[in-house]
Amino acid sequence: MSFHILFLVSIVAGFVGAMSGMGGGVVLIPVLTFLGMDIKHAIAVSIVSVIATSSGSASAYVRDRITNLKVGMFLEMFTIVGALAGAAITLVSGRRILFILFGTLLLSSWIALFRQRSEVWRPVGHQDIFSRWLELQGSYYDRSVRQTITYRGVRAYLGGPLMFGAGLIAGLLGIGAGALKVLIHDLVMGLPPKVSTTTSNLIIGVTALAGTSVYLAAGMIDPGLAAPIILGVVFGAFMGTRLLVRLTNQTVRHIFLGVLLVLGFEMIVRGIWRVGG
Amino acid sequence: MKEQGSPDYPGKEKKNDPLDMESLVGYILLTGVLLSVALLLISFVWRWAGVGSLRFEHSIVGMNFFEFISSTLRQVASRAFRPRLFLNMGIGVLMLTPFVRVLASVVYFAFVEHNWKYTLFTAFVLSVLTYSLFLR
């Protein structure tokens, strides 16, 4: 596949990923396989590019002091082990099953996005002993409401093991699995939405590196193929973040929901009838 | 609403310290990604100016990550600069970025914050990553 095609596809993937907040992989992998790339190789190069996009955005959030480093570093212990296991499973599993799993993932993200995420957050009053021992509390200055938000993370005993699952999916399918991590932060650990999103970004970088290491060891990382994808996704994500302020949220959602639905069905159909890949 | 006087709120007491953990982690990530993108751009511009093609064909086979890094560094040391070397440097720097971030966290928790709990957690992450990067 030529540099130009890879670069262009990756710009679009990074752009759509940044605007929807889903990351580049969910668009990148289906399109790469559609263009004839083997699904396992598409997963391998995608996960390398995830390191770049997540580290790039995490750097800004961490310096803004919204990310909770302790929450991130505690949960990383689980996601990296999950990612190693997930990537190892991908290496031995059949391609059809990967197509079907990826399609299922896209369709479930479609359902999750369709039920719009509620931005209402209420602080948790009581913190369990384990989470307190882990020092999972913090505060950040929220510019939009101009006040310091103080919060306590809870149920770390549940959040940790669940994060193993999020890491497993990330390594298995070559994506950041950010939406899943945010869900665990929100629903299980009671973190405010901004802290959830930014902390998940921090975790994704390390998780993607763990996944990458397995694919690298299997000889599946081709630098000549990975590099244009990394550059494209980074530029696309950069532009997507800029444009995000100008487009209304509803437009983005509608475009993205349509894209997810088509890609999801396409992947499942190809998995079942074994078309290409 | 005031929390029990924990000293490590992100964005409170430590905000004025120029070398706190947030800045350290943030700048490591930023430097890593920018450097990697710059190296990859150099490799493609050079390749294009040299042979008029942007295509590279080589895989990293039979090498673990640390062997890949050391072979890249040896080429840098012997000044064997070629577009492909910049390409490898770009990929290497990108993969080292989260690794160095975890390494710096271990050092910071151990020597600056003296927080042994989190030194242990980050050290676990570091050892698993190191082990996985030695795989081949």
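These numbers were taken from a predicted model, which means no experiment stands behind them.

1. Let's talk about the overall build of chain B
Secondary structure assignment for chain B yields four helices and zero strands. Mapped in sequence order, the helices and strands of chain B form the string α-α-α-α. Split into buried and exposed, the 136 residues of chain B put 36% on the buried side. For chain B, the proportion of contacts with a sequence separation of at least 24, taken over those separated by at least 6, is 65%.

2. Some words on the packing of helix α4 (residues 69-92) of chain A against helix α9 (residues 193-217) of chain A
Residue and element names in this part refer to chain A. Interaxial distance between α4 and α9 falls to 8 Å at its minimum, and their mutual angle equals 30 degrees. Every pair of crossing elements has a handedness; the one defined by α4 and α9 is right-handed. Along its contact with α4, which presents V71, G72, L75, E76, T79, I80, A83, L84, G86, A87, A88 and L91, the element α9 presents T199, L202, I203, V206, T207, A210, G211, V214 and Y215. Considered class by class, the residues forming the contact of α4 with α9 number 14 nonpolar, six polar and one charged.

3. Quick look at the packing of helix α3 (residues 83-112) of chain B against helix α4 (residues 116-134) of chain B
All names here are of chain B. The interhelical angle for the contact between α3 and α4, taken along N-to-C directions, is 155 degrees, at an axis separation of 8 Å. It follows that α3 is roughly antiparallel to α4 by the angle criterion. As α3 packs across α4, the resulting crossing turns out to be left-handed. Contact with α3, carried on its side by F99, V102, L103, S105, V106, F109 and A110, involves Y118, T119, T122, A123, V125, L126 and L129 of α4 and no other residues of that element.

4. Structural notes on the confidence of the model for chain B
Residue and element names in this part refer to chain B. Per-residue pLDDT for chain B averages 82, and the proportion of residues at 70 or more is 82%. Per-residue pLDDT, averaged within each element of chain B, yields its smallest value for helix α2 (residues 65-77) (87) and its largest for α4 (94). For the stretch residues 1-15, pLDDT sits under 50, and the model shows 22 contacts to residues farther than four places along the chain or on other chains. Listed scores for the predicted complex are pTM 0.88 and ipTM 0.88.

5. Section: the environment of H185 of chain A
Residue and element names in this part refer to chain A. Note that H185 resides in helix α8 (residues 178-188). Put simply, H185 and V9 are 176 residues apart on the chain and 31 Å apart in space, counted from C-alpha to C-alpha. When neighbours within four sequence positions are excluded, H185 is seen to be in contact with L191, S196, T199 and S200.

6. Some points on helix α3 (residues 39-63) of chain A
Residue and element names in this part refer to chain A. The terminal C-alpha atoms of α3 lie 36 Å apart, and with 25 residues this matches the ideal 36 Å at 1.5 Å per residue to within 8%. Burial of α3 is extensive: 21 of the 25 residues sit out of reach of the surface. Phi turns positive, to about 65 degrees, at R65, one or two residues after α3.

7. Observations regarding the environment of F121 of chain B
Relative to the assigned elements, F121 of chain B resides in helix α4. What makes F121 of chain B buried here is the crowd of 21 C-beta atoms within 10 Å. Among all residues touching F121 of chain B, those that are not within four sequence positions of it are M73, F74 and M77 of chain A.

8. As for the pairing of strand β1 (residues 137-142) of chain A
A regular strand places its side chains so that they alternate between the two faces of the sheet. Residues and elements named next belong to chain A. Here β1 runs beside strand β2 (residues 147-152); their pairing, made up of six bridges, is antiparallel. Each bridged residue has a counterpart across the sheet, and for Q137 the counterpart in β2 is R152. Adjacent in sequence and paired antiparallel, β1 and β2 are bridged by four residues, among which R146 carries a positive phi angle near 55 degrees.

9. Some details on the confidence of the model for chain A
Averaged over chain A, the pLDDT score is 85; the fraction of residues at 70 or greater is 92%. Confidence, read as mean pLDDT per element, is least for helix α11 (residues 249-273) of chain A in chain A (81) and greatest for α4 of chain A (95).

10. Let's talk about the environment of I255 of chain A
Turning to its location among the elements, I255 of chain A is positioned in helix α11. Here the alpha-carbon distance between I255 of chain A and L91 of chain A, two residues 164 residues apart in the chain, equals 33 Å.

Rules and cut-offs
Going along each chain's sequence as written, the residues are numbered from 1 onward. Chains carry letters from A onward and ligands carry numbers from 1 onward, assigned in written order. Thresholds applied to this predicted model are a pLDDT of at least 70 for local features of residues and 80 or more for the giving and counting of side-chain atom pairs; totals over whole chains, interfaces and linings are not thresholded and use all residues. A helix here means a DSSP run of H or I that spans at least four residues, while a strand means a run of E at least two residues long, and both kinds are numbered starting from the N terminus. Buried residues are those with 20 or more other C-beta atoms within 10 Å of their own C-beta, exposed residues have 12 or fewer, and partly exposed residues lie in between; C-beta atoms are placed from the backbone. Contact definition: two residues whose C-beta atoms, as placed from backbone geometry, lie within 7 Å. Note on method: axes are straight lines fitted to C-alpha atoms, helices fitted across the in-contact stretch only, with angles between N-to-C directions ranging 0 to 180 degrees. The crossing is said to be left-handed when, going from far helix to near helix, the turn is anticlockwise and less than a right angle, and right-handed when the turn is clockwise. Amino acids outside the nonpolar list (Ala, Val, Leu, Ile, Met, Phe, Trp, Tyr, Cys, Pro) and the charged list (Asp, Glu, Lys, Arg) are all regarded as polar, and Gly is one of them. Roughly parallel covers angles under 35 degrees, roughly antiparallel covers those over 145, roughly perpendicular covers 65 to 115, and oblique covers all other angles. pLDDT is a per-residue confidence score from the predictor, ranging from 0 to 100. Multiplying 1.5 Å by the helix residue count minus one yields the expected span of that helix. Two strands are counted as paired when DSSP detects at least two bridges linking them.

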